[in-house]
Amino acid sequence: MKKILMHVCCAPCFVMIEEDIQKNGMNINGKREQVDLTAFWYNPNIHPQEENKLRLEAFKKLCGEDNIKSVIIDECEMKEFTNITQNEVGTNKRYKLRCEYCYYLRLEKTFEYAKENGYDIVSTSLTRSPYQNHELINKIAQILSKKYGVEYSYQDYRHTYFEGQQRARERGLYMQKYCGCIFSSVESLLQKKLSKYLKRMNIKPSTKVIQDIIEDYKKENNGTVNIEKIVNDYKEKSTNI
Ligand code: SF4
């Protein structure tokens, strides 16, 4: 039976994956087979500490209730994470995107651990979310797979996204409101503020429209986000229309 080390980004993403694997085996190269699964926690991107604690507790609860072996490396690298994203992310820099660095950081630790501890395959629950960049995750995982000589298995669980959210609620797991890093927490706050403001103006844009507004804003402002400024700019723009 193959030994799988699965990086787990959060319990709500993992719940449908692990329930499916325990029941039906894991899809490896198009064939379902029973596997020896270990869940691996390493998410130093999560901010702040209290949020990390809540997500980690949910992971422990799920693994405990479903008898899943787990490995936990609980590090909070907010300072380093922010410094690197400020200094090494951008055009002509080491990483093009913030999430690229974030995927690299988490997956590299997973491959490293898998190599040192004799696992056959590495996978990640990140690819359950339709909001993550699957192409980039797979590209990074393939590079790391070559570097560490451990196979990577892409598990596309996007079709279970909404059902998975429901399942996580039923199982009483903590449901986070943003992806994880400080930037995503600010963006989520920004989205809320912006939709609140637009609602007051009787405009009801979809989440996608709000995300696009924020993305455009970031492009025009060298990637920096200032909640008050964006709302004020939007106010000005909309009164000029
Ligand atoms: S948005 Fe999510 S994947 Fe991207 S850097 Fe932040 S925590 Fe990582």
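Above: the structure in question.
Being a predicted model, the structure only gives us computed values, none of them experimental.

What counts and what doesn't
- Residues numbered from 1 in each chain as written.
- Predicted model: local features only at pLDDT ≥ 70, side-chain atom pairs only at ≥ 80, totals over all residues.
- Near = placed C-beta within 6 Å.
- Helix = DSSP H or I, 4+ residues; strand = E, 2+ residues; numbered from the N terminus.
- Pairing = 2+ DSSP bridges.
- Contact = placed C-beta atoms within 7 Å.
- Axes fitted to C-alpha atoms, helices over the stretch in contact; angles between N-to-C directions.
- Core = buried A, V, L, I, M, F, W, Y, C linked by C-beta atoms within 7 Å.
- Buried ≥ 20, exposed ≤ 12 C-beta atoms within 10 Å, placed from the backbone.
- Expected span 1.5 Å × (residues − 1).
- Arc of directions from axis to C-beta.
- Parallel < 35°, antiparallel > 145°, perpendicular 65-115°, else oblique.
- Nonpolar A, V, L, I, M, F, W, Y, C, P; charged D, E, K, R; others polar.

J.: Where do I start with the site of the ligand in this structure?
T.: Close contacts around the ligand come from N45, R98, C99, C102, C179, G180, C181, F183 and S184, and that covers them all. Those elements that place two or more of their residues in the shell around the ligand are α4 (98-116) and α7 (182-200).

J.: I tried to follow the sheet that holds strand β5 (residues 69-72) on my own but got confused; where do I start?
T.: Working definition: the strands of a sheet are paired by backbone hydrogen bonds and lie parallel or antiparallel to each other. One open sheet accounts for five strands, arranged β5-β4-β1-β6-β7; its pairing is parallel. The outermost strands of the open sheet, each flanked by one partner alone, are β5 and β7 (151-152). Direction of pairing for strand β1 (residues 2-7) relative to strand β4 (residues 35-41): parallel, over a ladder of six bridges. From the neighbouring strand, I4 faces β4, where its bridge partner is L37. Lying on the sheet, α4 is in contact with β1, β4, β5 and β6 (121-124); it crosses β1 at an angle near 155°.

J.: Is there a simple way to think about the nonpolar core in this case?
T.: Nonpolar side chains in soluble globular proteins tend to be buried together. Grouped together as the largest cluster of nonpolar side chains are 46 residues, with contacts concentrated most on L5, V8, A11, F14, F40 and L62. Breaking this core down by element, the ones donating at least two residues are β1, α1 (11-24), β4, α2 (49-65), α4 and α5 (134-148). A per-element tally of this core places α4 first, with eight residues.

J.: Would you mind showing me how to read α7 here?
T.: A turn of α-helix holds 3.6 residues, and therefore any two residues three or four places apart point the same way. For α7, built from 19 residues, the straight-helix expectation of 27 Å at 1.5 Å per residue is met to within 8% by its first-to-last C-alpha distance of 27 Å. For α7, the complete set of buried residues consists of F183, S184, E187, L190 and L194. Down the axis of α7, the buried set is contained in an arc of 110°. They therefore lie on one face. Those residues of α7 that are exposed and aimed more than 90 degrees away from the buried face are K196, K199 and R200.

J.: How do you make sense of the packing of α1 against helix α6 (residues 161-170) when you look at a structure like this?
T.: A pair of packed helices is captured by two measures, namely the crossing angle of their axes and the spacing between those axes. As a packed pair, α1 and α6 sit with axes 8 Å apart at the nearest point and diverge in direction by 105°. What the angle tells us is that α1 and α6 run roughly perpendicular. Each of A11, P12, V15 and M16 in α1 lies in contact with α6, whose residues at this interface are E163, G164, Q165, R167 and A168. Of the residues belonging to the contact of α1 with α6, the class tally is five nonpolar, two polar and two charged.

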